[in-house]
Every structure is written in structure tokens, then in C-alpha cells.
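Architecture and fold: a report
Chain by chain, the residues run as shown.
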Amino acid sequence: MTDFTPQTDQRCSKRISINRSATLQIPDAEKPVQAKILNISSCGAGILCDHDLSIGELVKLKFSLPNYDNENELAIKSKIACFSKVKNQYLIGVEFAELDMHENLVIKSFTSYHERF
């Protein structure tokens, strides 16, 4: 018999499923890495990309979120919190390392609106 101990959820808030294009600026890479954001919360995001990264590595995540009348461009310094290989890609969890007031407001506004559904 296998002992099953449930893992605690370390997320600071509920994640909202999205499908947004993004880029990751990685210190050692010559050019930005293309990625797709799969979910987002006020403290992090789930990302799918083709680049192998290391836990604890710092990257800059660039993406936009829609607002009621425009798109808000964001460039957030993030830390790789977890990753796993899925076929030929990597599923990566990032923790936002530094959010300024504008970025925090944009993300909270987006997630609060979509939590209703």
C-alpha cells in the first residue's frame, strides 16, 4: 500500500485559466524565448515553453492582459518556482518576484473579473 500525503497548495490566490502569448527574457539566452501563459494569479503564472530552465532562475516575463478598452503590456521579473517536462515542452510555474503598483492592479483587476465565471 502506498502512503498518500496530499501536498499543500502554495499559491497565494486562485489562478485563472488563460491562453496568452508571452516571451521570457532569460539572462543567458541571445533572444527572448516564446512562451504561452496557461494560467495567472496575483502572485504567479503557469507557462508552457520549449526552453529548459532551472528552479530559482530569474527571468523577465513579458505579456499583455486585456482591459475593458485596451491591452496592458507587462514585463515582470519572475522566479522559476517549478517545472516539469511535457512531451517536447516544459510546463513552468513562475512566482512574480517584483510587481509595481500598476502591474499589481492590472493583474488583480483581470483575475477578479474572471473569477466571477
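Scroll up to find the structure this text is about.
A brief report on the enclosed structure follows.

Calculation notes
- Residues numbered from 1 in each chain as written.
- Predicted model: local features only at pLDDT ≥ 70, side-chain atom pairs only at ≥ 80, totals over all residues.
- Heavy atoms only, no water.
- 1 Å grid on protein atoms, 1.4 Å probe; cavity = no way out; pocket = protein on both sides within 12 Å on 5 of 7 lines; lining within 4 Å.
- Points joined across faces, edges and corners; volume = space filled by probe spheres on them.
- Helix = DSSP H or I, 4+ residues; strand = E, 2+ residues; numbered from the N terminus.
- Nonpolar A, V, L, I, M, F, W, Y, C, P; charged D, E, K, R; others polar.
- Pairing = 2+ DSSP bridges.
- Salt bridge = Lys/Arg side-chain N within 4 Å of Asp/Glu carboxyl O.
- Buried < 20%, exposed > 50% of the residue type's maximum accessible area, 1.4 Å probe, protein only.

**Points about the layout of surface pockets**
Once rolled over the atoms, a probe with the size of a water molecule shows which space is left empty. Quantified by volume, the second largest pocket comes out at close to 210 Å³. Together, Leu65, Pro66, Asn67, Tyr68, Asn72, His102, Leu105, Val106, Ser109, Phe110, Tyr113 and His114 line the second largest pocket. Of all the secondary-structure elements, those providing two or more residues to the lining of the second largest pocket are β4 (58–66) and α1 (101–115). Among the elements that take part in the lining of the second largest pocket, α1 stands out by supplying seven residues, more than any other. Here the residues of the lining of the second largest pocket sort into seven nonpolar, five polar and no charged.

**Looking at the pairing of strand β5 (residues 71–86)**
Pairing of β4 with β5, which is carried by nine bridges, proceeds in the antiparallel orientation. Considered in β5, the bridge of Lys62 is made with Ala75. Hairpin geometry of β4 and β5 is characterised by an intervening segment of four residues between the two adjacent antiparallel strands. Judged from the nine bridges that link them, β5 and strand β6 (residues 89–98) form a sheet pairing that is antiparallel. If you follow Cys82 over to β6, its bridge partner there is Gly93. In this structure, the hairpin formed by β5 and β6 is closed by a connection of two residues, where Lys87 is found at a positive phi of approximately 55°.

**Things to note about the pattern of salt bridges**
Taken as a whole, this structure holds two salt bridges when the rule is applied. Notably, a salt bridge pairs Arg20 with Glu71, separated by 2.6 Å at the nearest N-O pair. Note that Arg20 is positioned in strand β1 (residues 16–25) and Glu71 in strand β5, a separation of 51 residues in sequence. Assessed through its relative accessible area of 21%, Arg20 is described here as partly exposed.

**Examining the pairing of β1**
Bridging between β1 and strand β2 (residues 33–40) involves seven bridges; their strand directions are antiparallel. Note on β2: the bridge partner recorded for Ser17 is Asn39. Looking at chain direction, β1 and β4 are connected through four bridges and run antiparallel. Counted as the bridge partner of Ala22 is Phe63 from β4.

From the geometry alone we can't say anything about function, so treat these as descriptive.
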